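Structural characterization, general
Here are the chains, one letter per residue:
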Amino acid sequence: MSQAASFEVLARYVPELVVRRLASAALPLTLPALDEFPAAVLFADISGFTALTERLSGAGPAGAEELTRIVNSYFSKLIEVITAHGGDVVKFAGDALIAVWRPGDPDDTAPILAQRATQCAVLVQTVLTQTQVGKSSPLSLKICVGVGDMRFMHLGGERGRCELLLAGEPLADLGAAGALTTPGQVVLTPSAGAALRAVTKGETLAGGFFRVTALSGTLPIKKLPQTPGAPGLAEALTAYVPAAVRTRLEAGQTEWLAELRPLSVLFVNLPDLTFRTPLARAQQAMVELQRTLAPGLTLDRALG
């Protein structure tokens, strides 16, 4: 018999900024909804994951188990460092993730947020380089940091599913920064580089991007605060958790089986949807996608 997952379990699958938004709003949340604030954004991309997957996929079930162990170990260490430094992991995209630093105090200006994210990025490169994740597993990270005004759109609602979409100029800048970043490096977007010019050492790249080699100043570490549970929050969080995950959680299965299997993936590109798109138009597009796609499919979109 299925049972509703607890708030504590569901909160592990949802960004803290969503939990905080729901805790401060009248429930159920009226869609669409929009949050706007300055934020630092960190994009971390694992290099070597594809080659590792190809190598282990030929080993059958044992290879799938080993791949799961390695990826869990690597991402767990990465997420641990990010949250310990106040970052909130908001999106996964295959072997990459996006984390944001949002204002928590009046003193959390854009430069302060950018410095916290960059401090974290530099430490991550040190910690993950020293982390042994398995034999013959040469994984490394490319990290980019941007800063600027961000929009967090809560969209959808069809079939009880809500989607969090990220939009803002920092995301577009991070895409360009990624092309200039090699494994083991931390690269700042032009806006982040300008904000941190006084406390960073490194190399200026084409287009105003900046490769960090060292920080000349550091800020005290502030851990990401966790929102406590409240009546109705668990049910509200359920809308942000993919159906495949909810089904297992409701069955009391919190451990995941490792498997490698063929899938069909549909990639939908909406080039006219940008961070300047009005909220109502973004909502219309998301609802149409939800109505068209089969129930249970997960939409995951970050707008540049």
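Residues numbered from 1 in each chain as written. Predicted model: local features only at pLDDT ≥ 70, side-chain atom pairs only at ≥ 80, totals over all residues. Heavy atoms only, no water.

1. What about the side chain of Gln283?
Stated precisely, the cut-off is as follows: Secondary structure follows DSSP: runs of H or I at least 4 residues long count as helices, runs of E at least 2 residues long count as strands, and numbering of each begins at the N terminus. The rule is simple: take the accessible area with a 1.4 Å probe, protein chains only, and divide by the maximum for that residue type; under 20% is buried, over 50% is exposed, in between is partly exposed. Contacts: residue pairs with any heavy atoms within 4.5 Å of one another.
Residue position: Gln283 is located in helix 10 (residues 279-292). According to the relative accessible area criterion, Gln283 is buried, its value standing at 12%. Discounting residues that sit within four places of it in the chain, Gln283 has contacts with Leu31, Pro32, Leu155 and Gly156.

2. Digging into the pattern of salt bridges
As a reminder of what qualifies: Salt bridges are defined as contacts in which a side-chain nitrogen from Lys or Arg sits within 4 Å of a carboxyl oxygen from Asp or Glu.
Scanning all chains against the criterion turns up 10 salt bridges. The partner of Glu203 in a salt bridge is Arg211, with the nearest N and O atoms 2.8 Å apart. Linked by salt bridges that have partners in common, Asp105, Asp108 and Lys222 make up one network.

3. Examining the packing of helix 3 (residues 49-57) against helix 4 (residues 60-84)
What counts, and what does not: Whenever a helix is involved, its axis is fitted only over the stretch in contact; in every case the axis is a line through C-alpha atoms, and angles between N-to-C directions fall within 0 to 180 degrees. An angle below 35 degrees is treated as roughly parallel, one above 145 as roughly antiparallel, one from 65 to 115 as roughly perpendicular, and anything else as oblique. Three classes are used, and their members are as follows: Ala, Val, Leu, Ile, Met, Phe, Trp, Tyr, Cys and Pro are nonpolar, Asp, Glu, Lys and Arg are charged, and the others, Gly among them, are polar.
As a packed pair, helix 3 and helix 4 sit with axes 8 Å apart at the nearest point and diverge in direction by 155°. The orientation of helix 3 relative to helix 4 falls into the category roughly antiparallel. Along its contact with helix 3, which presents Phe49, Leu52, Thr53, Leu56 and Ser57, the element helix 4 presents Gly60, Gly63, Ala64, Glu66, Leu67, Ile70 and Val71. Of the residues belonging to the contact of helix 3 with helix 4, the class tally is 7 nonpolar, 4 polar and 1 charged.

4. Quick look at helix 3
Convention followed: Think of the arc as the fan of directions from the helix axis to the C-beta atoms.
Considered for burial, the residues of helix 3 that qualify are Leu52, Thr53 and Leu56. Angular distribution of buried residues about the axis of helix 3 spans 100°; they occupy a single face of the element. Opposite its buried face, helix 3 presents the exposed residues Ala51 and Glu54, each directed more than 90 degrees away. On its buried face, helix 3 is in contact with helix 4.

5. Some points on the packing of aromatic side chains
Within a pair of aromatic rings, the relevant descriptors are the distance that separates the centres and the angle that separates the planes. Selection criterion: Paired rings are identified among Phe, Tyr and Trp, the last through its six-membered ring, by centres lying within 6.5 Å, and are further divided according to the angle between planes into stacked (under 30 degrees), edge-to-face (over 60) and tilted (the rest).
Applying the stated rule across the entire model yields 2 aromatic pairs. Residues Phe37 and Phe152 carry aromatic rings whose centres are separated by 4.8 Å and whose planes lie at 20° to one another, so their mutual orientation is stacked. With a gap of 115 residues between them, Phe37 in strand 1 (residues 33-47) and Phe152 in strand 4 (residues 140-156) connect regions that are remote in the sequence. Ring centres of Phe75 and Phe92 lie 5.5 Å apart, and the angle between their planes is 80°; on these two criteria the pair is classed as edge-to-face.

6. Digging into unusual backbone geometry
Omega for the peptide link from Leu27 to Pro28 comes to 0°, which places this bond in the cis form. Topologically, Pro28 is positioned in the loop between helix 2 (16-23) and strand 1. Put simply, Leu31 and Pro32 share a cis peptide bond, and its omega is 0°. Within the secondary structure, Pro32 sits in the loop between helix 2 and strand 1.

7. Here's the deal with helix 6 (residues 169-179)
For helix 6, every residue scored as buried is listed here: Pro170, Leu171, Leu174, Ala177 and Gly178. Viewed end-on, helix 6 has its buried residues packed into an arc of 115°, placing them on one side of the element. Exposed residues pointing more than 90 degrees away from the buried face of helix 6 are listed as Gly175 and Ala179.

8. So, the pairing of strand 5 (residues 162-167)
Threshold: DSSP calls a pair of strands paired once it identifies at least 2 bridges connecting them.
Among the 6 residues in strand 5, 6 count as buried, and that is most of the element. The alternating pattern of strand 5 places Cys162, Leu164 and Leu166 on one face and Glu163, Leu165 and Ala167 on the opposite face, and all of these are buried. Of the pairings in the sheet, the one linking strand 4 to strand 5 comprises 6 bridges and is antiparallel in character. Each residue of the ladder has a partner; that of Gly156, found in strand 5, is Cys162.

9. Details of the confidence of the model for the protein
The line we're drawing: Residue-level confidence of the predictor is summarised by pLDDT, bounded by 0 at the bottom and 100 at the top.
Considering every residue of the protein, the mean pLDDT works out to 87; 90% of them sit at 70 or more. Element-level pLDDT for the protein is lowest in helix 9 (residues 243-250), with a mean of 80, against a maximum mean of 98 in strand 6 (residues 186-188).

10. Description of the side chain of Arg246
Stated formally: Pairing of N or O atoms within 3.5 Å defines a polar contact, subject to two protein rules: one partner must be a possible hydrogen donor and the other a possible acceptor, and residues neighboring in sequence count only if both atoms are side-chain atoms.
Along the chain, the position of Arg246 falls in helix 9. Looking at Arg246, the relative accessible area reads 19%, which means it is buried. Only 2.6 Å separates the side chain of Arg246 from the backbone oxygen of Val241, close enough to count as a polar contact. Ignoring any residue separated from it by four or fewer positions in sequence, one finds Arg246 in contact with Thr238 and Val241.

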